[in-house]
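Structure assessment
Here is what each chain is made of, one letter per residue.
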Number of protein chains: 2
Amino acid sequence: MNATHQDLTRNQTLVLDTLAKADGPLSAYTILDRLRGDGFRAPLQVYRALEKLLGFGLVHRLESLNAFVACAHPHCHAHGLIAFAICEDCGQVDEFSDAVVRERLGAWSADNGFKAEKTTIEIRGHCANCAAA
Amino acid sequence: MNATHQDLTRNQTLVLDTLAKADGPLSAYTILDRLRGDGFRAPLQVYRALEKLLGFGLVHRLESLNAFVACAHPHCHAHGLIAFAICEDCGQVDEFSDAVVRERLGAWSADNGFKAEKTTIEIRGHCANCAAA
DNA sequence: CGCGACATGTAATGATATTACATTGCGAAG
DNA sequence: CTTCGCAATGTAATATCATTACATGTCGCG
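Let me begin by describing the structure that accompanies this report. Since the model is a prediction, treat every value here as computed from it, not as a measurement. Here the residue index of a chain counts from 1 through its sequence in written order. Just so you know, chain letters begin at A and ligand numbers begin at 1, following the order they were written in. Reporting of local features is limited, given that this is a predicted model, to residues whose pLDDT is at least 70; pairs of side-chain atoms are given and counted only at 80 or more, and all residues count toward the totals for whole chains, interfaces and linings. Excluding hydrogens and water, the side-chain figures rest on all heavy atoms present in the structure.

As a further point, take the pattern of salt bridges. When a carboxyl oxygen of Asp or Glu lies within 4 Å of a side-chain nitrogen of Lys or Arg, that pair is called a salt bridge. On inspection of all chains with the given rule, the structure shows eight salt bridges over all chains. A salt bridge links Arg61(A) to Glu63(A); the nearest nitrogen and oxygen atoms lie 3.2 Å apart. Only protein chains enter the calculation, and the probe is 1.4 Å; a residue is then buried if its accessible area is under 20% of its type maximum, exposed if over 50%, and partly exposed in between. According to the relative accessible area criterion, Glu63(A) is buried, its value standing at 12%. Its salt-bridge partner being Arg36(B), residue Asp33(B) comes within 3.4 Å of it at the nearest N-O pair. Among the residues examined, Asp33(B) registers a relative accessible area of 48% and is labelled partly exposed. The class for Arg36(B) is partly exposed, based on a relative accessible area of 42%.

Dropping the structure here:
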């Protein structure tokens, strides 16, 4: 039942490949523009593909950027909670996960009777390379 | 140099009061609509006030909602890192902070030479009340 | 075949945010 | 007191992000 890369439709494949080839997050409209040559005409084509890809865990949405990235670790499914470090200079995104953080946020939820569905952690700042410059 | 409530301009005060009276996050355009009677005509009036209030730490932006809330603890300045639990049913937002989480994310940043400027933590889900129903 | 489920195509619109430029109010320097 | 400069404000236009509504296509299966 977990969708694999094989199950992707043409549009989903095109969108995922576009994100995978990009060196950073892309907005839905940027993806659209890059796929005009493949017949994409409307935002909805992109949003629909993204919706599925997000569900499959192959793509992440960066809320603070209103943009999307291909998952850096598409193989290890069931990665608990993911955090992103986003460089405001070069746009590079580093994806990581921390068991302790997951545990602490889980504990807070349990203590407060909160049923967590989705957790967003995004650190905006400057990566090592750019901070050096 | 830390701005106090006294220093706020008329527009900033109106926007902050609107958020403080609201029972949940408001979008910039909702704030605008609520302040039409006070002479607000354009989005920029709201965005400019919000920009300052965010800088003062009196207001937070919820990235996953594209909306804003008044800070729940406007007195304790220098609150390290803040997390939000957002109920998707009733819209209530719970603001909390966790030293261990801050520490872990800080450690990751240090290990990776990343200079963090701003960290966003948002948990979407269902609050105790709504989960019960 | 004919139906159902899902993916797709297209247009229009809604929602969020910024750019550009004009104006006003007010304190400090001269 | 006047002029300068700065910050806040006002207004219009536009850019950017996302969804709703409706029509069409594709393909497996009874």
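Now, onward.
Residues and elements named next belong to chain B. The angle between two axes is taken between their N-to-C directions and runs from 0 to 180 degrees, where each axis is a line fitted to C-alpha atoms and a helix contributes only its stretch in contact. Numbered from the N terminus, helices here are DSSP runs of H or I no shorter than four residues, and strands are runs of E no shorter than two. For the pair helix 1 (residues 10-21) and helix 3 (residues 43-56), interaxial distance at closest approach is 9 Å and the crossing angle is 80 degrees. The angle between helix 1 and helix 3 places the two elements in the roughly perpendicular class. Residues Asn11, Gln12, Val15, Leu16 and Leu19 of helix 1 pack against Gln45, Ala49, Leu50, Lys52, Leu53 and Phe56 of helix 3. Think of it as three bins: nonpolar holds Ala, Val, Leu, Ile, Met, Phe, Trp, Tyr, Cys and Pro, charged holds Asp, Glu, Lys and Arg, and polar takes everything else, Gly as well. Its residues placed into classes, the contact of helix 1 with helix 3 shows seven nonpolar, three polar and one charged. Here the word oblique covers every angle except those under 35 degrees (roughly parallel), over 145 (roughly antiparallel) and from 65 to 115 (roughly perpendicular). Contacts are assigned to residue pairs that have any heavy atoms within 4.5 Å of one another.

So far we have only geometry, and geometry alone does not tell us how the molecule works.
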